[in-house]
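Coordinates in review
Read off the chains here:
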There are 4 protein chains.
Amino acid sequence: MSSSFGTLFRVATFGESHGVGVGAVVDGCPPNLELCEADIQLQLDRRRPGQSDLTTPRQEADRVTILSGVEHGRTLGTPIGLLVRNQDQRPGDYGEMDAVPRPSHADYTYQVKYGVAARSGGGRASARETIGRVAAGAIAEKVLRERWGVEVVAWVSSVGEIVSTGVDADHLSRDMVDANPVRCPDAAAADRMISLVREVRDARDSIGGVVSCVCRNVPPGWGEPVFDKLDAKLAQAMLSLPATKGFEIGSGFAGTRLRGSMHNDPFVKKGDRLGTVTNHAGGVLGGISSGEPLLFRVAFKPVATIGQPQRTADLNGQSVELAAKGRHDPCVVPRAVPIVESMTALVLLDLALRQEARK
Amino acid sequence: MSSSFGTLFRVATFGESHGVGVGAVVDGCPPNLELCEADIQLQLDRRRPGQSDLTTPRQEADRVTILSGVEHGRTLGTPIGLLVRNQDQRPGDYGEMDAVPRPSHADYTYQVKYGVAARSGGGRASARETIGRVAAGAIAEKVLRERWGVEVVAWVSSVGEIVSTGVDADHLSRDMVDANPVRCPDAAAADRMISLVREVRDARDSIGGVVSCVCRNVPPGWGEPVFDKLDAKLAQAMLSLPATKGFEIGSGFAGTRLRGSMHNDPFVKKGDRLGTVTNHAGGVLGGISSGEPLLFRVAFKPVATIGQPQRTADLNGQSVELAAKGRHDPCVVPRAVPIVESMTALVLLDLALRQEARK
Amino acid sequence: MSSSFGTLFRVATFGESHGVGVGAVVDGCPPNLELCEADIQLQLDRRRPGQSDLTTPRQEADRVTILSGVEHGRTLGTPIGLLVRNQDQRPGDYGEMDAVPRPSHADYTYQVKYGVAARSGGGRASARETIGRVAAGAIAEKVLRERWGVEVVAWVSSVGEIVSTGVDADHLSRDMVDANPVRCPDAAAADRMISLVREVRDARDSIGGVVSCVCRNVPPGWGEPVFDKLDAKLAQAMLSLPATKGFEIGSGFAGTRLRGSMHNDPFVKKGDRLGTVTNHAGGVLGGISSGEPLLFRVAFKPVATIGQPQRTADLNGQSVELAAKGRHDPCVVPRAVPIVESMTALVLLDLALRQEARK
Amino acid sequence: MSSSFGTLFRVATFGESHGVGVGAVVDGCPPNLELCEADIQLQLDRRRPGQSDLTTPRQEADRVTILSGVEHGRTLGTPIGLLVRNQDQRPGDYGEMDAVPRPSHADYTYQVKYGVAARSGGGRASARETIGRVAAGAIAEKVLRERWGVEVVAWVSSVGEIVSTGVDADHLSRDMVDANPVRCPDAAAADRMISLVREVRDARDSIGGVVSCVCRNVPPGWGEPVFDKLDAKLAQAMLSLPATKGFEIGSGFAGTRLRGSMHNDPFVKKGDRLGTVTNHAGGVLGGISSGEPLLFRVAFKPVATIGQPQRTADLNGQSVELAAKGRHDPCVVPRAVPIVESMTALVLLDLALRQEARK
């Protein structure tokens, strides 16, 4: 179990789906930052369940309390304890699953790894675990925004086969993303996505999707070769999220089909610095931010827990039929948007501070 | 600069393309392992340049010396120093590039980040940096193989538009991979790939590709949620390699288009443990190995340094034409095969030892 | 601010003296350990203020809540969140000290380091910060005791000039230590210590002392040369405690006056293992536990905050007279006993798990 | 085995006494620092054996080679590989000790911990292991000196019962320390120390001693509470050195006998900052440098390997007589002086960079 992340801006998360609460300790936050619970609540509200009929009906207010590290509305530079209490717990929902590990869920591997597993709700493998990340990420984002003007905006770029088009990452805002419940700024695609999620939900099934993310105003120079390259840490951060199966930056897998003469991004003067004409690199060269926007995409598989009956095996290997009774999202990507943004902020601020140490 | 990787099996690499040498210090290797230089040389030979007409003509024997940590042919449990001296250095080749940062290479970002950059050959951004990883990975692989029977086999699954088919990951061996110089075990695809690489080389251009990797006999239970999940560390490891732009595991991006009822991998009894009927998960559930084979893919962009003239800007922003004179691979994926295997081994062994500590 | 400690058994602490609360997140605790709040409360009760007239009259129940990581009375292997709410806060006590940094306290250096400081009660430099350590240490101790039979017992070996004699570290128990409020198992010395502390208290002054500690049944083999040697990590752990000024193990500073022929501990057969006739080493050879009892001593300076008026300077350098009004211990060592034990347990368990990974 | 140290300025050391060589990889060195091998050689020469008749007659030139990280005489910001080849190896000297673990040496615990041990010369427990630290520390010192004017000077303050007096730490220089072979700047005490060491040597015995260290011009603000406090990291660093048994800073153990009213260091204006009238704190308040000189002392036990016959037990527990045949120092403290300085520099620079990240 390794629940801490970061070198200078370090986050340790804790909490199961159905215990007292979930939260995080943020160590290394710069002092003298104005910070109150509302700053953090904003992203938690975008993450919490029950926002629309596309998400799980589980109701959680997810109100954060700052336990330490802030006095008179300013950070002290000391660890910031963050706590969100669980409210709408229904461990009874999970009775049957005790003996039957849900297919494509972590029940089985947690059992093997720890010799014990949270009996209910997926424990640390629950999506609730991400609350600590989002709370911590909201703080990181505030520092990034105030000190460097960094803007991090994620959006749903595909659900199932439906792919958004015409999204202008250079001018995309969170308001534009939040204009519809599926968080896709291409309105036409969004409508079709919404219909698809409802259809899937009604079929007691689930569907995957892709979250894209842009980071603007990232100064050149962030990223620590060779193992803590910016893109490497983003990849780790994204693949550490529940239900993710892939990460690509810039041209990604599509870029493997191109020739260098087409793929290379020529340099050109942009104001008082060098920029590039194209951005196949996705804002990273040699693992270090180039000053161009970061652009990356994260693949989310369809949610594993579905209401449809499935033929599988119990822990003894006996064939059984399982139909999950818990409350689950038919499609995780709309709520994943602030989570992706938060993990991005955690990566960026840590690397920013590591670069600051060099000055 | 963060050149160390791993928690219990920790590797620190060093070395520029054109300095005295490159290498690594491996800390935390289990004691009493039989180890000699030949064990390490094998993978270095698969990585080194000059293996065929598909790779850079730079000639490097890349002979490794064990500096410490081994006595009478066995590891002591102490740090293993590894050194490979550089031989065929031609820093003169890089004169022009001093003032003109190569497009899509790290020259510019290293300059901005460090305020200085290795004048020649890309410094730490050179592919030679991976020698330390491969040497260390060869040791990790030996431990994995001897103690758990783990087999790690990577191969080239696509070059440009050419995609291999019919590769049986369950029975693939390194000999089958090495049967042709492009390291694609689909002979028909391999022939076309070889032609394509030659064509690209002759056009003084480059081409991207995908390396796939399978790990067999990985016991269930490896991976440390939530931030050091097995897939998260693999993603970091792969994106830390030069020229990589994407990582996907199991169904990856394609899986985002499926429904849960199709994507879920039902459990089934396999001998004395649980296995799954399908393996869309790619061998990882909740960030922990499931006992099924690990299957993942890594996207490599076309090599940035090409002989064709390119219109770009110098560090002052003046438009210039650049034609690289150094010796470079037209396609990096054949030589990337042992590098991907090595990084995989570094990830697996570290997580294996962390799980051992739990027993 | 680096508030995390340990590699495999990792603790992150948080909390100021006068905020909402203090606590810790314990990551890497072995799963399936029976654990309830009472297990932790025991050591918190030995640490809390108000135990006798020798300690600060500040009243704090210091009740711990387990927030996560435990279900049905057993650890899950996931992070254990621990919270102790602050109750008896009187920030008003500290008004004057805002402008006048207390001599030999951390007010000044926190101000310089962070550009801000907790306005009241010393913030993270308060002794309340140690609550998180004690709570986490209580868990570590339970694992050590149940799995290896390790016994950690600390005691007050001197207060001011008064030095205890005749303490038999081989058979010392916590009950014997707790038999008097000064926690010195030499009853005669204890009486004199108690008188001295009362005298000092009445003079609104303070006095230093030494805490000694023995660890029995530590198996040989714990400690990770060369930087994470057992004695090195103990030294870090002890010097990280408030008010400590020194650490010595085995013969310590006195041993520097001896010759090797006197100081060396000859080996001798003890049951089925090797032991030593003497134990000048204090249980550590080459940074690794030898199987003999660990024996070390920690120097605590007199508490800096005293009621007597002191001539000093304010932050502007103006000479002022300061007389502290807060509630403070005249002598810290009795309450330091469980804190030393807790930090010892954190060090030992982390190194134990790291050695387990080698098996 | 944990052979890396530091967070931002990170050192990984390697090498046994009798293998190919010893060295280090320094990661995180600021770029653009002028650096050549002579900068490093200076401290290695002060550390190497054979400097006088007080040290082991083993002859080692200990010439360092920079393997990477430096180009055209300047650091690149990339890892600096450092190698010192072993020359005067006589593994034959150690034949008898294979079966008989030397009393108070690490032979036994290495054997138990790793199940194997370097057959000769103590392996990693040899004093040669410190070469990597000294080489790395010399680089750290250069950064500290050039950027902040930090001066680190250690000296021998006692050998056996002989204690130096009248050393003015405010004005002590390395030249003054090196004025005699025992490295004690109190000439009268030095003469007696030299006689004592010779006497001990001729008796084939050994003797302990204390090394003191002062660090001047350390800016206030270095040190990362609560676990990586400046004094905590110094304590770890010093106790990680071979043969050390104690660490104290400022008033240390003697300070435990004082009252707060005597021990407190009143603040006073010093130029444009606050200083203290006295310095019982030893330059650290709350784990953070105060701007006053750092002052600490390190206890070294008598060298364990002595030529006198000792009654002890072999690995089977059989009583045997052992008389060591290797070449060893009768007193380690003169050569420990540059080692203490080097570890101090490693601690200081790492904490300095961590504080820089906060600006």
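Quick summary incoming for the structure in this document. Worth saying up front: this structure is predicted, and the values here are computed from it rather than measured. (Residues numbered from 1 in each chain as written. Chains lettered and ligands numbered in written order. Predicted model: local features only at pLDDT ≥ 70, side-chain atom pairs only at ≥ 80, totals over all residues. Heavy atoms only, no water.)

**Let's talk about the relation of the copies chain A and chain B**
For these two chains of identical sequence, chain A goes onto chain B by a turn of 180 degrees and a shift of 0.0 Å along the axis, with RMSD 0.0 Å. Taken together, these values place the two copies in the relation of a two-fold axis. Relative to the rotation axis, the C-alpha of Gln236(A) is the closest in chain A, positioned 2.4 Å from it. Of the interface residues in chain A, 100% have counterparts in chain B that sit at the interface too, so the contact is made through matching surfaces. (Least-squares fit on C-alpha atoms with pLDDT ≥ 70 in both. Contact = heavy atoms within 4.5 Å.)

**Things to note about the pairing of strand β8 (residues 151-159) of chain A**
All names here are of chain A. Taking burial as the measure, the nine residues of β8 include eight buried ones, the bulk of the element. Sheet analysis places β8 next to strand β10 (residues 209-216), joined by eight bridges and oriented antiparallel. Counted as the bridge partner of Val 152 is Cys 215 from β10. The pairing of β8 with strand β9 (residues 162-163) spans two bridges and is antiparallel. The residue bridging Val 159 from the neighbouring strand is Ile 162, located in β9. (Buried < 20%, exposed > 50% of the residue type's maximum accessible area, 1.4 Å probe, protein only. Helix = DSSP H or I, 4+ residues; strand = E, 2+ residues; numbered from the N terminus. Pairing = 2+ DSSP bridges.)

**Quick notes on the sheet that holds strand β2 (residues 10-14) of chain C**
All names here are of chain C. Read from one edge to the other, the open sheet built from five strands follows the order β1-β2-β3-β7-β4, with strand pairing classed as antiparallel. The open sheet has two edge strands, β1 (4-5) and β4 (64-66), and neither has a second partner. Of the pairings in the sheet, the one linking β4 to strand β7 (residues 80-85) comprises three bridges and is antiparallel in character. Following the sheet pairing, Ile 66 is matched in β7 by Leu 82. Across the sheet, helix α1 (residues 37-47) is in contact with β4 and β7; its angle to β4 comes to roughly 150 degrees. (Axes fitted to C-alpha atoms, helices over the stretch in contact; angles between N-to-C directions.)

**Remarks on the interface of chain A and chain D**
Taken residue by residue, the interface counts ten residues in chain A and ten residues in chain D. Of the roughly 820 Å² buried between chain A and chain D on both sides combined, carbon and sulfur atoms contribute 55%. Sorting the residues of chain A by area buried against chain D places Leu8(A), Ala357(A) and Arg358(A) first, and these three jointly supply 46% of that buried surface. Put simply, chain A and chain D have zero salt bridges between them. For the side of chain A that touches chain D, the element with the highest residue contribution is helix α9 (residues 333-356) of chain A, accounting for three residues. For the side of chain A that touches chain D, the residue count by class is four nonpolar, one polar and five charged. (Buried area = accessible area lost by both parts, 1.4 Å probe. Salt bridge = Lys/Arg side-chain N within 4 Å of Asp/Glu carboxyl O. Nonpolar A, V, L, I, M, F, W, Y, C, P; charged D, E, K, R; others polar.)

**Observations concerning the pairing of strand β10 (residues 209-216) of chain B**
Residues and elements named next belong to chain B. The element β10 is largely enclosed, with a buried count of eight among its eight residues. Of the two faces of β10, the one holding Gly 209, Val 211, Cys 213 and Cys 215 and the one holding Val 210, Ser 212, Val 214 and Arg 216 are both buried throughout. Pairing between β10 and strand β16 (residues 294-300): seven bridges, direction antiparallel. Bridge pairing in β16 links Cys 215 to Leu 294.

**Side note on the interface of chain A and chain B**
In this complex, chain A contributes 107 residues to the contact, which on the side of chain B involves 107 residues. Summed over both partners, the interface of chain A with chain B comes to about 7,900 Å²; 58% of that surface belongs to carbon and sulfur atoms. A per-residue breakdown of the area chain A buries against chain B is headed by Lys113(A), Phe227(A) and Lys245(A), which together make up 11% of the total. Where Glu161(B) meets Arg257(A), a salt bridge forms, and the shortest distance between an N and an O atom there is 4.0 Å. Counting across the interface, chain A meets chain B through 55 residue pairs in polar contact (both at pLDDT 80 or more). Residue composition of the side of chain A that touches chain B, grouped by class: 46 nonpolar, 35 polar and 26 charged. Bridge analysis of strand β11 (residues 244-249) of chain A against strand β11 (residues 244-249) of chain B gives three bridges, and the strand direction is antiparallel. Looking at β11(B), one finds that Gly246(A) is bridged to Glu248(B). (Polar contact = N/O pair within 3.5 Å; in protein donor to acceptor, adjacent residues only side chain to side chain.)

**A closer look at the sheet that holds strand β11 (residues 244-249) of chain D**
Strand order in the open sheet made by the ten strands is β9(C)-β8(C)-β10(C)-β16(C)-β11(C)-β11(D)-β16(D)-β10(D)-β8(D)-β9(D), with antiparallel pairing throughout. Both outer strands of the open sheet, β9 (162-163) of chain C together with β9 (162-163) of chain D, are each paired with one neighbouring strand and no more. Strand direction decides the pairing type here: β11(D) and strand β16 (residues 294-300) of chain D, joined by five bridges, are antiparallel. The partner of Thr244(D) across the bridge, within β16(D), is Phe300(D).

**Here we look at the packing of helix α6 (residues 230-239) of chain A against α9(A)**
Helix-helix packing: each pair is described by the crossing angle between the helix axes and the interaxial distance. Residue and element names in this part refer to chain A. One way to put it is that α6 packs onto α9 with a least axis distance of 9 Å and a crossing angle of 145 degrees. Between α6 and α9 lies a crossing whose hand is right-handed. Contacts from Leu 230, Lys 233, Leu 234, Ala 237 and Met 238 of α6 reach α9 at Val 340, Met 343, Thr 344, Val 347, Leu 348 and Leu 351. (Left-handed = near helix turned anticlockwise from the far one by under 90°.)

**A closer look at the environment of Ala190(A)**
Residues and elements named next belong to chain A. On the secondary structure map, Ala 190 appears in helix α5 (residues 187-202). Sequence separation between Ala 190 and Pro 302 is 112 residues; the distance between their C-alpha atoms is 18 Å. Setting aside residues up to four positions removed in sequence, Ala 190 forms contacts with Asn 180, Val 182 and Cys 184.

**A closer look at unusual backbone geometry**
Residues and elements named next belong to chain A. A cis amide bond links Pro 225 with the next residue in sequence, Val 226, at an omega value of 5 degrees. Secondary-structure assignment places Val 226 in the loop between β10 and α6. Backbone geometry at Ser 104 places phi at a positive 65 degrees, although glycine is not the residue there. Within the secondary structure, Ser 104 is located in the loop between β7 (80-85) and α2 (107-114). Exposure remark for Ser 104: the relative accessible area of 6% places this residue in the buried category.

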